[in-house]
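If you want the building blocks of each chain, they are given just below.
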Amino acid sequence: MTDLLVSVRDDSEFDIAVAAGVAIIDFKEPSRGALAAVEPAIWQSAAKRLPHLHANDAPHRTRPLLSAALGEPEDWQAVIRRLPDAFQFAKIGPSGIDTAREMKRLWGEAALHLGATTELVAVAYADFEAAHCLSPAEIFQLAGQSGFRRCLVDTFTKDGRSTTDHLSYAGLRELGEIASQASMRWAMAGSLRLEIVDDLETQGILPDCYAVRGDVCQHDRAGNLSPLRLQQWVDRVSLPSRKR
Ligand SMILES: O=C[C@H](O)COP(=O)(O)O
């Protein structure tokens, strides 16, 4: 089954995402870059409110999982200790990291600060040259060798270009193969639009998860969540993947 991750920035967007039945709700501040953290008080509020919200709004559904963006290599240390245990996933952008050794050091240090219930997700940027970091294939390979269970490819520069504008279908297929060989689930983000999901399926590219922000907002990724657009994504991702 394909999951849907939606990024939210505050309590009210969180409520909308829970009510829509989003499987993974990811906290990030979209006006400050690809993976900027929200204020830790917002994490704490979500962790506290989720059991009640879920019981009231959608008790028949599986409770959504919580994810947090912690920023880039220079940001995460300021906030990581305040991430509640109720968060299943945490992500740190790899910008500026251009060696395997540095990448592994960052992952190792971050993992030391996460609670036992929070899993670090390996992040790669499709526009890795702009982010001055290792390529997605290098990061996926390294993540597989390092025992990661999940990895994500996103875009660092939020200028409207999608991951599919930066990586070829062959490149995306390669990421799927690396993930599959290492038994990792892989997620695809990066200014995705619903029609891209159709194109990817036609090409036989089937990520385990789609992660979106801009396409579920009213104007751009820094705008308000659109409940209508959100529902269209929830419905689309819940369809069985078309087999080629
Ligand atoms: O993790 C998902 C990102 O928030 C994707 O944001 P975006 O769809 O605006 O590129």
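- Going by an unreviewed UniProt entry, the chain carries the name (5-formylfuran-3-yl)methyl phosphate synthase and comes from Novipirellula galeiformis.
- The Catalytic activity (unreviewed entry) comment attached to the chain in UniProt states, word for word, "2 D-glyceraldehyde 3-phosphate = 4-(hydroxymethyl)-2-furancarboxaldehyde phosphate + phosphate + 2 H2O".
- Here is the UniProt Function (unreviewed entry) comment for the chain, exactly as written: "Catalyzes the formation of 4-(hydroxymethyl)-2-furancarboxaldehyde phosphate (4-HFC-P) from two molecules of glyceraldehyde-3-P (GA-3-P)."

1. Things to note about the site of the ligand
Part 1 of the argument: Around the ligand, the structure places 15 residues, and the nearest of them are Ser7, Lys28, Lys158, Ser191 and Arg221.
Part 2 of the argument: Within the contact set of the ligand, an oxygen atom lies 2.7 Å away from a side-chain nitrogen or oxygen of Lys158.
Part 3 of the argument: Its free accessible area being 310 Å², the ligand has 100% of it covered by the protein chains.
Part 4 of the argument: Of all elements in the fold, only strand E1 (3-8) and strand E8 (209-212) reach the threshold of two or more residues within the shell around the ligand.

2. Quick look at the environment of Leu239
Part 1 of the argument: Position of Leu239 among the secondary structure elements: in the segment after helix H9 (227-238).
Part 2 of the argument: Assessed through its relative accessible area of 46%, Leu239 is described here as partly exposed.
Part 3 of the argument: Each C-alpha atom of the pair Leu239 and Gly223 lies 27 Å from the other, and the pair is 16 residues apart in sequence.

3. Digging into the packing of aromatic side chains
Part 1 of the argument: Applying the stated criterion to the full structure yields seven aromatic pairs.
Part 2 of the argument: Ring geometry for Phe140 versus Trp186: centroids 6.3 Å apart, planes at 75°, classification edge-to-face. Placement of the pair is Phe140 in helix H5 (residues 136-145) and Trp186 in strand E7 (residues 185-188), with a sequence separation of 46 residues.
Part 3 of the argument: By relative accessible area, which is 0% here, Phe140 ends up buried.
Part 4 of the argument: Exposure remark for Trp186: the relative accessible area of 5% places this residue in the buried category.

4. So, the pairing of E8
Part 1 of the argument: Taking every second residue as pointing to the same face, both faces of E8 are buried, with Cys209 and Ala211 on one and Tyr210 and Val212 on the other.
Part 2 of the argument: Alignment of E7 against E8, held across two bridges, turns out to be parallel. Residue pairing across strands places Met188 opposite Tyr210, the latter belonging to E8.
Part 3 of the argument: The β-α-β motif built from E7, the intervening helix H8 (residues 194-202) and the parallel element E8 has right-handed crossover chirality.

Conventions used here
Residues numbered from 1 in each chain as written. Predicted model: local features only at pLDDT ≥ 70, side-chain atom pairs only at ≥ 80, totals over all residues. Heavy atoms only, no water. UniProt positions renumbered as here; feature names shortened; annotations may be inferred. Near = heavy atom within 4 Å. Polar contact = N/O pair within 3.5 Å; in protein donor to acceptor, adjacent residues only side chain to side chain. Areas by Shrake-Rupley, 256 points an atom, 1.4 Å probe, with all protein chains shown as cover. Helix = DSSP H or I, 4+ residues; strand = E, 2+ residues; numbered from the N terminus. Buried < 20%, exposed > 50% of the residue type's maximum accessible area, 1.4 Å probe, protein only. Phe/Tyr/Trp six-rings, centres within 6.5 Å; stacked < 30°, edge-to-face > 60°. Pairing = 2+ DSSP bridges. Right-handed = clockwise from strand over helix to strand, strands pointing away.

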